[in-house]
Amino acid sequence: MSKKKNDKKERYEDKSRRSAGGSSNRKPSNDSRGGASAPKGKKPMTLSEEVYRLFFKNPKEEYNYKQISAALLIDDQNERLTVATILSELENRDIIQQTEHGSFKLVPRTNDPVGIVDRTNGGAVYVSIEGYDVDISILPNKHKNAMKGDTARVHVYPNRGSRRQEGEIVEIVQRAHQEFVGTVQLSARYAFVVPSDARVPFDFFIPLSELNGAKDKQKVVVRVVEWPEKLEDKPVAVIKEVLGNAGENNTEMNAIMAEYGLPVAFDKAVDDFAKGISNVITEKEIAKRRDFRNVLTVTIDPFDAKDFDDALSFQTLDNGNFEVGVHIADVSHYLAENTILDNEAIKRATSVYLVDRCVPMLPETLSNFLCSLRPHEEKLTFSAVFEIKPDATIVNEWFGRTVINSDHRFTYEEAQQIIEVKKATDAKIPVEMDFMALYKQLGINKNIGSAILELYKLHLIIRAERFKNGAINFNAPEVKFKLDANGKPLGTYIKESKESNNLIEEFMLMANKRVAAFVGKSAKTDYDKQIVQLNVKPKGSPTFVYRVHDKPNPEKLSIFIEFINQLGYNFKGGSDKQVSASMNALVDDVKGKGEQNLIETMAIRTMAKAIYTTENIGHYGLSFDYYTHFTSPIRRYPDVMVHRLLQHYLDGGTAVNKNNYEALCKHSSDREKLAAEAERASIKYKQVEFMKDRIGAEFAGTISGVTEWGMFVEATDTKCEGLVRMKDIPGDYFEFDEKRMAAVGVKTKKIYRLGDKVRIEVKRADLAKKQLDYILIEDKSE
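Residues numbered from 1 in each chain as written. Predicted model: local features only at pLDDT ≥ 70, side-chain atom pairs only at ≥ 80, totals over all residues. Heavy atoms only, no water.

Draft legend 1. Inspection of the sheet that holds strand S3 (residues 114-119) at higher detail. The strand order S3-S4-S5-S7-S6 describes a closed barrel built from five strands, whose pairing is mixed. The sheet shows a mean angle of 50° between the axes of neighbouring strands, taken without regard to direction. Bridging between S3 and strand S6 (residues 151-156) involves three bridges; their strand directions are antiparallel. The residue of S6 that forms the bridge with Val114 is Arg153. (Pairing = 2+ DSSP bridges. Helix = DSSP H or I, 4+ residues; strand = E, 2+ residues; numbered from the N terminus. Axes fitted to C-alpha atoms, helices over the stretch in contact; angles between N-to-C directions.)

Draft legend 2. Main features of the nonpolar core. In this structure, Leu366, Phe410, Ile418, Phe507 and Phe630 are the most contacted members of the largest nonpolar core, which totals 91 residues. Here this core gets 11 residues from one element, more than from any other, and that element is helix H14 (residues 499-520). Those residues in contact with Phe630 that sit more than four places away from it in its chain are Ile328, Phe382, Ser383, Ala384, Ala511, Asn512, Val515, Asp639, Val642, His643 and Leu646. Counting residues in hydrophobic clusters, the runner-up holds 55 residues, among them Ala603, Cys720, Met726 and Leu772. (Core = buried A, V, L, I, M, F, W, Y, C linked by side-chain atoms within 4.5 Å. Buried < 20%, exposed > 50% of the residue type's maximum accessible area, 1.4 Å probe, protein only. Contact = heavy atoms within 4.5 Å.)

Draft legend 3. Quick look at the sheet that holds strand S32 (residues 751-753). The sheet built from three strands is open, its strands ordered S30-S31-S32 with antiparallel pairing. Both outer strands of the open sheet, strand S30 (734-737) and S32, are each paired with one neighbouring strand and no more. Ignoring which end each strand starts from, the neighbouring axes of this sheet average 25° apart. Note that S30 and strand S31 (residues 742-745) share four bridges and pair antiparallel. Residue pairing in the sheet places Glu735 in a bridge with Val744 of S31.

Draft legend 4. Representation of the packing of aromatic side chains. All told, the structure shown has 17 aromatic pairs when counted by the stated rule. Judged by centre distance (5.7 Å) and plane angle (65°), the ring pair of Phe192 and Phe205 falls under edge-to-face. On the criterion of sequence distance, the pair formed by Phe192 in strand S9 (residues 191-195) and Phe205 in strand S10 (residues 204-206) is long-range, its members being 13 residues apart. Ring centres of Phe314 and Phe322 lie 5.2 Å apart, and the angle between their planes is 35°; on these two criteria the pair is classed as tilted. Phe314 gets classed as buried once you look at its relative accessible area, which sits at 9%. Ring pairs connect the aromatic residues Phe180, Phe202, Phe204 and Trp227, which therefore count as one cluster. Arg175 extends its terminal NZ or CZ atom over the ring of Trp227, reaching a point 3.6 Å from the ring centre. In this structure, Arg694 is placed above the aromatic ring of Phe690, and the distance from its NZ or CZ to the ring centre is 3.8 Å. (Phe/Tyr/Trp six-rings, centres within 6.5 Å; stacked < 30°, edge-to-face > 60°. Lys NZ or Arg CZ within 6 Å of the ring centre and 35° of its normal.)

Draft legend 5. View of the packing of H14 against helix H19 (residues 637-650). Contact geometry of H14 with H19 gives a least axis separation of 11 Å together with a crossing angle of 45°. By the angle between their directions, the pair H14 and H19 is classed as oblique. Crossing of H14 over H19 shows left-handed handedness. Only Val642, Leu646, Tyr649 and Leu650 of H19 make contact with H14, whose side of the interface consists of Val515, Phe518 and Val519. Its residues placed into classes, the contact of H14 with H19 shows seven nonpolar, no polar and no charged. (Parallel < 35°, antiparallel > 145°, perpendicular 65-115°, else oblique. Left-handed = near helix turned anticlockwise from the far one by under 90°. Nonpolar A, V, L, I, M, F, W, Y, C, P; charged D, E, K, R; others polar.)

Limitation: the analysis is restricted to geometry and does not speak to function.
Structure representation (structure tokens):
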């Protein structure tokens, strides 16, 4: 036998040397890796299992019964004959096959299950397999360098009393990523790229001929050209793109986009195609549409917005009711199907909002100009128009293509000023500026101001009804950064939603809900029967794109309730409405408290994730039976699909291919998740960058999380969260108490709990890993 084969046998990792029948006559091994007893709590393997395992560990090797006996340290002749019998049995079961040399080898396996790989920052590898109740924990060094998102074939070991289901990856079926982001380390004879993602456990070897002009310590994108067979070898890659110098703002933001596989710039061909689209609105086109150009219309958006994709029109009817139009940019008019521009929009599926920029789904020609509902410009829109009573009851509804001319562009802050004057006036509180003075300052007339106030009153009724029906009110404050011209963070502030934000939200939710019900609802409820439908409703329930949100997993909800109750809050389970009521009461209870961020984050994680699909199950969080995304086609591709399908059915079209739309829904959900992860990564980077200049500085903070390795603390002023490791808690040796979610001193029994106020010192700010480390420098304040 060759030395190579002997070496492989010596690396064979089967630790238990037990025969099927009790005592063993095998020689003890001098190798400390051999001769070990079975792990505590696990049954020893039979001889048949050991023989099979040897073949499985070495699928390309051939063995006869003598070589197997030697590998398993068997010298008893009777046991050797038993090995020969086992080989015959395994051959009969088509597990092994005889070769032309009279030896045996493993039959190539195709029936091992296939799943999706996940890899933690700590290096643990799991595989999620459809049909399995738990993820498969992959043994160390048995992962074949599988990365997060890879599709892998797994051999699942029989469960021998372990709490975890274990296995090993036998084949990488498909790599999720061939490109990675990292930093160049260059020497005279070779180069490596150190990955930015902590979950990538290896560096990439770069031939000097494939540097593509990259210099030492620059951020780059590499493409793997050769994956190694051995774990100890590094993948060979070439540098595809040089992003720039590490630490520069544009470099780091583009690196985050590349790390998540999100494109930044548009190809010239795509950009040129967009620029070639006509901006002329012809009279022929207007004639096809309902004309709202003379109806009072406004937009309300963030102060720095450029892509205005929604507007509200308002007028009082002769019967005393109101007509409210929800007008959405008609992107589908400009975005023709099966074009290079449409294909690019499908690929991106969503705009990405990093901490300092928006990377749009559509080129700026469309997103900021052609489609953007800018004031005092004629714009093509797709609208949901409602006649509404003063008590917010919908009398009738109409959906279709329209043309508008917005009278005014409000920021949320400006609209809020009008609302604040209204609230103060109603409460008989003196105001610095009355309505007329404010209207003059804002550059609007009384009619526009009055429209805002009527919409405000309607939204209050609609919102109250929604929560009464069981909607959940997650509204966590959003951390924002003050940045200089170069993107350097100068400070942080909290952005909270106010009534002006809620006003827009409620009418957008109403449009999304009613569009979904119009297409998808075949049987009318009592509520629907009172609404006069001004369009011809499609027959049955044809293919449509829904935004769905499933009910919470009962097991996750049970764990969350137990945890919350241990913290002293009263959370009751029960029906969907009872859970929603308890969740809303909890959100109100924790508002402004130290544990608010943690509890709201855990509550959101307890919920299912909202996704796009053609299979409607309703939206649990909003308490809607039917819901879609109709209102943001400039930044979300599913909204474009909704517009196209809605128009198709308004034109009398029949049902379309469901499978095609379901595939697009899944793709859109996946891209939305990546965009959210990239946004969080950009925020974390800015937090670390902000604190990097404050090493040694002290801050007041609140314990926002406790784990076995330390406590997470959120600095009160900056909202920057970092880790205080257990060893950095002074005065004792601290251990994690999982039941109480606390750090407890072994000798002093001192306890640090969620929500406790502490003082911390900034110890380390690692930009490459986006990690902050703090030191606890003072006991919690009373």
